[in-house]
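A look at the structure
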Amino acid sequence: MFGWKKAPREISCCFTGHRPQSLPFGYDEQNPACVQLKKVLRSEIERQITKNGVTHFITSMALGIDLIAAELVLKLKKQYPNITLESAIPCENQAVKWSDAQRERYYNLAAKCDKETMLQRAYTKDCFQKRNQYMVDNSDFVIAVWNGSPSGTGQTVHYAQSKGKTITIINPFSLEITK
């Protein structure tokens, strides 16, 4: 008998992580500490693809870990062409106060994303929290680059825990992985 067949459910993973000022290398992504963190993060992304079947990644496109993760996923698309990247933007003017170089990086990456979700047009005090909740609510897995301190990243990890999500935490200082 012939009939309509439902497509398999997409398995997704979002990223949360610190801004540059809370990372051991700050804004210097050429620093050996950043190079090492990128290797660990890339390895974890590949593990999500090969072990957990993740095909869809969501990034907030914020400075720091989120842009780094976006770049890593886009590079991995050459090896894993079936993966997709979604940018979850809290508000239209997220990058308005960034430097020219930061905005150029942001827009170049955004143009390469497979999907963009703009959560609201104008900034409000809770737009970043809404963005973080959207990412967690639409993910099966969470990769957090978090040092354990109270922060937006910490709030996102706690929210993901409350939703029963599978979370991998990478400490940006020790590179220790907790699952």
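What this report covers is the structure whose coordinates are included nearby. Note that the coordinates shown come from a computational prediction; the quantities given were computed from them, not determined experimentally.

Some details on the packing of aromatic side chains
Scanning the model with the defined rule gives 4 aromatic pairs in all. Considering the side-chain rings of F15 and F57, the 5.7 Å spacing of their centres and the 15° angle between planes classify their relative orientation as stacked. One end of the pair, F15, is in strand β1 (residues 12-17); the other, F57, is in strand β2 (residues 56-59), and 42 residues separate them in sequence. We classify F15 as buried; its relative accessible area is 1%. We classify F57 as buried; its relative accessible area is 0%.

Some points on the nonpolar core
Residues F15, L41, I45, F57 and M61 are the most contacted members of the largest nonpolar core, which totals 37 residues. Every element with two or more residues in this core is listed here: β1, α1 (32-52), α2 (65-76), β3 (84-89), α3 (100-112) and β5 (141-145). Here the element with the most residues in this core is α2; it accounts for 9 residues. Excluding anything up to four places from it in sequence, F57 contacts C13, F15, I45, Q48, I49, V73, I83, T84, L85 and E86. Grouped together as the second largest cluster of nonpolar side chains are 14 residues, A88, A144, W146 and I169 included.

The rules behind the values
Residues numbered from 1 in each chain as written. Predicted model: local features only at pLDDT ≥ 70, side-chain atom pairs only at ≥ 80, totals over all residues. Heavy atoms only, no water. Phe/Tyr/Trp six-rings, centres within 6.5 Å; stacked < 30°, edge-to-face > 60°. Helix = DSSP H or I, 4+ residues; strand = E, 2+ residues; numbered from the N terminus. Buried < 20%, exposed > 50% of the residue type's maximum accessible area, 1.4 Å probe, protein only. Core = buried A, V, L, I, M, F, W, Y, C linked by side-chain atoms within 4.5 Å. Contact = heavy atoms within 4.5 Å.

Shape descriptors only; they carry no functional weight alone.
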